[in-house]
Amino acid sequence: QEKFRLLFQDSHFLAAVINEKGQVLDINSCALNFLGKRMIDLKGINFWDLDCWAEDETLQIKNIFNDNKLQKNINLEINALTSEGEHSIIDFTLSTIHMNEDYSYIAIGQDITQRKRREEKLKQAYTVFNNTRDGIMITDKHSNMLDVNNAFENITGYSKEESINKNTRILKSDLHDEQFYKKMWKDIQKNGYWEGEITNLTKNREYYVEWLTINSIYNEDMEVSNYIGILVILLSKKIKMY
């Protein structure tokens, strides 16, 4: 019990102990801060009557406690309001605790609002990435492709599966000499980017002319971790290589 008490109070999760009727027995410091309440104000209140819940959540939680099942193992995402009225998304778990012949429940919550917002931004960015008309490729620092978009597949003829982990040299034509590429990489290393007209080869060994922009992506130590290349077709007619 003492170990449980220490873990309960020191946890960075929102936590509450609830009796078999659904009434609050204890709430940890993290949850009290979230609610902006004191324990004396909450002890004995129905868990579903906490003022952090919206009407739909209140009914959902009340139904969970009124389903007459002793053993509960519930996990769901639920909306809540902080003491300042800010909307939050909580990863909510409710479990049964047995103590001899008695039982109670422990509710654990983790505020995942920021994570969900980041996930949504990533989804939006990936939608733009896949649906832009310009070809895009993301590589590691050694120019091995990590991801390409739909336009890249259409331009080059290489599918995503065929491109991943392949070096960008598979696109290289024989129309540019070694000095051309040396200057390109010198500019990238010096300025962090390069842009210019270049002729490359499709999977079917056809020439195509593009305006290529390469940008360096740096990590926290200001070391190059990735490159992003953007391909804009200048000559739509592809010339067969003989």
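Residues numbered from 1 in each chain as written. Predicted model: local features only at pLDDT ≥ 70, side-chain atom pairs only at ≥ 80, totals over all residues. Heavy atoms only, no water.

**Student:** Looking at this structure, I do not really get the pairing of strand 6 (residues 135-140). What am I missing?
**Tutor:** Residues in a regular strand point their side chains to alternate faces of the sheet. Burial analysis of strand 6 places 5 of its 6 residues in the buried class, the great majority of the element. Alignment of strand 6 against strand 7 (residues 145-148), held across 3 bridges, turns out to be antiparallel. Within strand 7, the position partnered with Ile138 by the bridge is Asp147. (Buried < 20%, exposed > 50% of the residue type's maximum accessible area, 1.4 Å probe, protein only. Helix = DSSP H or I, 4+ residues; strand = E, 2+ residues; numbered from the N terminus. Pairing = 2+ DSSP bridges.)

**Student:** What exactly am I supposed to notice about a nonpolar patch on the surface here?
**Tutor:** On the surface, a cluster of nonpolar side chains totalling about 240 Å² of accessible area is made up of Trp211, Val232 and Leu234. You can see Leu234 is positioned in strand 10 (residues 224-240). Classification of Leu234 as partly exposed rests on a relative accessible area of 45%. (Patch = residues over 30% accessible without salt bridge, like charges linked within 9 Å, V, L, I, M, F, W, Y side chains within 5 Å. Areas by Shrake-Rupley, 256 points an atom, 1.4 Å probe, with all protein chains shown as cover. Salt bridge = Lys/Arg side-chain N within 4 Å of Asp/Glu carboxyl O.)

**Student:** Would you mind showing me how to read the nonpolar core here?
**Tutor:** The nonpolar side chains of soluble globular proteins are, as a tendency, buried together. By size, the foremost hydrophobic cluster in this structure holds 26 residues, and its most contacted members are Ile27, Phe47, Trp53, Phe65, Phe92 and Leu94. Looking at this core, the elements with two or more residues in it are strand 1 (14-18), strand 2 (24-27), helix 2 (29-35), helix 4 (55-65), strand 3 (73-81), strand 4 (87-99) and strand 5 (102-111). Broken down by element, this core gets its largest block of residues, 4 residues, from helix 2. Not counting residues up to four positions away in its chain, the partners in contact with Phe47 are Ala16, Ile18, Gly22, Val24, Trp53, Ile61, Phe65, Phe92 and Ala107. One finds Met137, Tyr158, Met184 and Ile214 within the second-largest nonpolar core, a separate group that totals 17 residues. (Core = buried A, V, L, I, M, F, W, Y, C linked by side-chain atoms within 4.5 Å. Contact = heavy atoms within 4.5 Å.)

**Student:** It is not clear to me how the pattern of salt bridges should be interpreted in this structure. Could you clarify?
**Tutor:** When charged atoms on two side chains of opposite charge get close, those side chains can pair. Tallied over the full model, the rule gives 10 salt bridges. For Asp51, the salt bridge goes to Lys37, with nearest N and O atoms at 3.3 Å. Taken together, the residues Asp51 in the loop between helix 3 (39-42) and helix 4 and Lys37 in the loop between helix 2 and helix 3 connect sequence positions 14 residues apart. Residue classification places Lys37 among the partly exposed residues on the basis of a relative accessible area of 33%. For Glu77, the salt bridge is made with Lys116, and the minimal N-O distance between the two is 3.4 Å. You can see Glu77 sitting in strand 3 and its partner Lys116 sitting in helix 5 (residues 113-131), a full 39 residues away along the chain. Owing to a relative accessible area of 44%, Glu77 belongs among the partly exposed residues under this scheme. Relative accessible area serves as the criterion here: at 25%, Lys116 is assigned to the partly exposed category.

**Student:** Would you take a moment to explain the layout of surface pockets for this structure?
**Tutor:** Reported here for the largest pocket is a volume of approximately 370 Å³. Every residue lining the largest pocket is counted, 19 residues in all, and those nearest its centre are Ser143, Thr168, Arg169, Met184 and Trp185. Elements that contribute at least two residues to the lining of the largest pocket include exactly strand 6, helix 8 (178-191), strand 8 (193-201), strand 9 (206-218) and strand 10. Grouping the amino acids of the lining of the largest pocket by side-chain chemistry returns 10 nonpolar, 7 polar and 2 charged. (1 Å grid on protein atoms, 1.4 Å probe; cavity = no way out; pocket = protein on both sides within 12 Å on 5 of 7 lines; lining within 4 Å. Points joined across faces, edges and corners; volume = space filled by probe spheres on them. Nonpolar A, V, L, I, M, F, W, Y, C, P; charged D, E, K, R; others polar.)

**Student:** Could you clarify how one ought to interpret the environment of Glu178 in this entry?
**Tutor:** Looking at where Glu178 falls in the secondary structure, it is placed in helix 8. Residue Glu178 is classed as exposed on the basis of its relative accessible area of 54%. Once the C-alpha coordinates of Glu178 and Asp147 are considered, the two residues, 31 residues apart in sequence, prove to be 26 Å apart.

**Student:** What's the story with the side chain of Thr199 in this structure? I'm lost.
**Tutor:** Looking at the secondary structure, you find Thr199 in strand 8. Look past the residues within four positions of Thr199 in its chain and what remains in contact with it is Ser173, Leu175, His176, Tyr207, Tyr208 and Val209.

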